[in-house]
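If you want the building blocks of each chain, they are given just below.
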Amino acid sequence: MDNPAIARILREIADLLEVKSENPFKIRAYRNGADVVANHPHGLSALDAAGLREIPGIGKDLAARIREIADSGDAEYHRELVAELPPTVLDLLHLPGVGPKTVGTLYRELGIRSIEDLDAAVTEGRIRALRGTGVKKEGQILKALTERKRHAGRHLLAETHETATALVAYLRERSPATGIEPVGSLRRGCETCGDIDILACGGDQTLVDAFLDYGAVERVLAHGDTRSSVLLGGGYQAGLRLVAPESRGAAMQYFTGATPHNIALGDRAVGLGFTLNEHGLHRLEDHAVVAGADEEGIYETLGLAWVPPELREGRGEIEAAAARSLPRLVERQDLRGDLHTHTTVTDGKDDIAAMAESAREAGLEYIAITDHSKALAMANGLDERRALAHAQQVRSRDAEHGVRLLAGIECDIRLDGALDLADDCLAALDLVVASVHSGFGQDRQQMTERLLRAIENPFVDILGHPTGRRLLKREPYAFDVEAVIEAAARHHVALEINCQVDRLDLNDVDARLARDRGVLLVISTDAHSRHAFGRLRWGVVTARRAWLRPEDVLNTRPFDEMRSSLRRRRP
DNA sequence: GCCGTTTTCGGCCCGACTGTTTTCAGTCG
């Protein structure tokens, strides 16, 4: 058993205990234990109970459970809980507005064990009859169920990548001579992905057999000579397609481009006397193959520069490729810093030193420590006094770990758009990220005015996760995106592309619009632990999909240049 | 359930909002 698998069971124990309304601190202990296990750098199944107990957050009981899971694949305690409460009820927890108490009530009172049960109960009007729920709650649940159906079968980019990478590594090991590449939405870096599409160039039936034989396969959906697809654990659908080597580029192109891109490319081919399909680019008059072995050849023959996969959405990239004016897209290596991170002083898992050290290892030159402000009480948010004391701590460690530090804050934007900390406190800090963490239900006008007021505050440097969305979970709050972008441009406030894998907020479309209107973007991790710097890559992918160049992104700049552009608004 | 101890028990992450109440329970961040 690897760490993530052990962590999953611990987390499920925590969720089940929560539905049972057990001691909240016990629940937290399991949840924390799961985090510790998931983030531990070494495989924990190699440790004995005594070794496990030396890890902070793991005590006598958790050490025993981890040992048991590592040895047998499960824990008796977990099995007992599952016998009491079907684990499918935990799916209900993911619905916004439905928490552990509601799940417990739904199960006990109405015997609801799954999303499907809940759907039926809502339709039959049985929910509103429950004590403590009424018409509004019913409407909320109905909306959540509808949203969920819309998201069915989709997965976060980062998680899809992880699943696909494991599968591709397995296939490459089985068939080292075959070119095996993921294509489709994953290659384009879409924020969520449906299927995992994999091309195998030069592979044969033994590779297909290996694919069908892959450990995570739950069901074979189709099995043909050149194309097979399976359902993987976790609800992923994966397809493998065998391609002749001479068609590799054509297939890569065909199965990567979004439909509008492929249509535009096909039209262009016809206009130039060719036809384009997954096998190659052919001359119309005699069907001779003119390109197909590599993507560059296809684009070049069509008079186009090679188009980076992230841009193949049919959003003007063909025209730009024809005019040789595709942007030099930002890359991970261009990033010199991270302007949104947390520490143990609020709800982070690691202290200033550990964060700085990890940032250096990730190749960063600077980071801003931006812990929460007091409105986020649950995160132990900082009031003015603590914020200033923390800033002093941060500054005292500046450059100590080979990384420059900025003493910042992630300051809550209150319901009326006022900032959570006094101006003189904000003025004493190096960097202010302003974010919404409450009152998501405000109407469009209220929320727009709220954000505009925050942007007008002269101490605000960056608007954090500007739309508040959680991918596959929560829609963005209602507000006038264009008005906020215009205001950000006017007041020189940068907009964040938050790298949390379920945020990627701003998204590609809005970030591109912002750049076009003269707004600077920032790619930040919003790290709550030292392990989070790796997810910068997902922010970079989003930025690339937004056509951003290095100069459009604030944190590609050297430290001094970045700093001087921050402070220009201050009175 | 973990931790720390002044060691075997008490503290641990709180406050606002929403919807359902009509004095509060549940959810969220």
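Just above sits the structure.
Residues numbered from 1 in each chain as written. Chains lettered and ligands numbered in written order. Predicted model: local features only at pLDDT ≥ 70, side-chain atom pairs only at ≥ 80, totals over all residues. Heavy atoms only, no water.

When you go through chain A residue by residue, the secondary structure sums to 23 helices and 17 strands. With 571 residues in all, chain A has 52% of them scored as buried. Contacts spanning at least 24 positions in sequence make up 66% of the contacts within chain A whose residues lie at least 6 apart. Total accessible area on chain A stands at roughly 24900 Å², and carbon and sulfur atoms take up 49% of it. (Helix = DSSP H or I, 4+ residues; strand = E, 2+ residues; numbered from the N terminus. Buried < 20%, exposed > 50% of the residue type's maximum accessible area, 1.4 Å probe, protein only. Contact = heavy atoms within 4.5 Å. Areas by Shrake-Rupley, 256 points an atom, 1.4 Å probe, with all protein chains shown as cover.)

The next thing to look at is the protein's contact with DNA strand B. What surrounds DNA strand B is a group of 35 residues, the closest being Gly57, Gly97, Gly99, Thr102 and Arg474. In the environment of DNA strand B, a phosphate oxygen lies 2.6 Å from a nitrogen or oxygen atom belonging to the backbone of Gly99. Contact between DNA strand B and Lys137: a phosphate oxygen at 3.1 Å from a main-chain N or O atom of the residue. Sorting the residues of the surface near DNA strand B by element identifies helix 2 (24–39), helix 4 (60–72), helix 6 (100–110) and helix 8 (135–151) as the ones contributing at least two each. In terms of residue count, helix 2 provides more of the surface near DNA strand B than any other element does, five residues in total. (Near = heavy atom within 4 Å. Polar contact = N/O pair within 3.5 Å; in protein donor to acceptor, adjacent residues only side chain to side chain.)

Turning next to helix 11 (residues 205–212). Where helix 11 is concerned, the buried positions are Leu207, Val208, Ala210, Phe211 and Leu212. Buried residues belonging to helix 11 abut helix 9 (157–174), strand 2 (179–183), strand 4 (196–201), strand 5 (217–223), strand 6 (227–232) and strand 7 (236–243).

What follows concerns the packing of aromatic side chains. One pass over the full model with this rule turns up six aromatic pairs. On the basis of an interplanar angle of 15° and a centroid distance of 6.0 Å, the ring pair of Phe440 and Tyr477 is categorised as stacked. Here Phe440 is found in the loop between strand 14 (431–435) and helix 19 (444–456), whereas its partner Tyr477 is found in the loop between strand 15 (462–463) and helix 20 (481–490), with 37 residues between them in sequence. On the basis of relative accessibility, which here comes to 30%, the residue Phe440 falls in the partly exposed class. Residue Tyr477 is classed as buried on the basis of its relative accessible area, which comes to 6%. Pairing Tyr477 with Phe479 gives two aromatic rings, centres 5.7 Å apart and planes at 55°, and the pair type is tilted. Residue classification places Phe479 among the buried residues on the basis of a relative accessible area of 8%. Grouping aromatic residues by their ring pairs yields a cluster made of Phe440, Tyr477 and Phe479. Taking NZ or CZ as reference, Arg474 lies 4.1 Å from the ring centre of Phe440, over its face. Note that Arg512 overlies the ring of Trp547, its terminal NZ or CZ placed 4.0 Å from the centroid. (Phe/Tyr/Trp six-rings, centres within 6.5 Å; stacked < 30°, edge-to-face > 60°. Lys NZ or Arg CZ within 6 Å of the ring centre and 35° of its normal.)

Glancing now at the packing of helix 19 against helix 20. The relative placement of two packed helices is expressed as an angle between their axes plus a distance between the axes. Packing of helix 19 against helix 20 leaves a shortest axis separation of 10 Å and a crossing angle of 10°. Taken as axis vectors, helix 19 and helix 20 run roughly parallel relative to one another. Contact with helix 19, carried on its side by Thr448, Leu451, Leu452 and Ile455, involves Ala483, Val484, Ala487 and Ala488 of helix 20 and no other residues of that element. Looking at the contact of helix 19 with helix 20 residue by residue, the classes come out as seven nonpolar, one polar and no charged. (Axes fitted to C-alpha atoms, helices over the stretch in contact; angles between N-to-C directions. Parallel < 35°, antiparallel > 145°, perpendicular 65-115°, else oblique. Nonpolar A, V, L, I, M, F, W, Y, C, P; charged D, E, K, R; others polar.)

This next bit is on the state of the cysteines. Under the criterion given, the structure shown has zero disulfides. Take Cys425: it sits in no disulfide, and the sulfur closest to it among the cysteines is that of Cys411, at 7.9 Å. Given the relative accessible area of 2%, Cys425 is considered buried. Just so you know, Cys499 is unpaired, no disulfide at all, and the nearest cysteine sulfur is the one on Cys193, 16 Å from it. (Disulfide = S-S within 2.5 Å.)

Turning our attention to the pattern of salt bridges. Summed over the entire model, instances satisfying the criterion amount to 47 salt bridges. A salt bridge links Asp552 to Arg515, with the shortest nitrogen-to-oxygen separation between them at 2.9 Å. Taken together, the positions of Asp552 in the loop between helix 22 (536–545) and helix 23 (559–566) and Arg515 in helix 21 (residues 508–516) put the pair 37 residues apart, joining distant regions of the chain. Take Asp552 and Arg515: they sit in the same class, and that class is buried. Put simply, Arg188, Glu313, Arg315, Asp508 and Arg545 are held in one network by salt bridges that share partners. (Salt bridge = Lys/Arg side-chain N within 4 Å of Asp/Glu carboxyl O.)

In this section: unusual backbone geometry. Here the amide bond leading from Asp505 into Leu506 is cis, since omega sits at 5°, within 30 degrees of zero. Mapped onto the secondary structure, Leu506 falls in the loop between strand 16 (494–498) and helix 21. Of note, Asn380 is a non-glycine position whose phi angle comes to about 65°, a positive value. Tracing the backbone through its elements, the reader meets Asn380 in the loop between strand 12 (366–372) and helix 17 (384–396). Even without a glycine there, the phi angle at His492 is positive, about 55°. With respect to the helices and strands, the residue His492 is situated in the loop between helix 20 and strand 16. The class for His492 is partly exposed, based on a relative accessible area of 44%.

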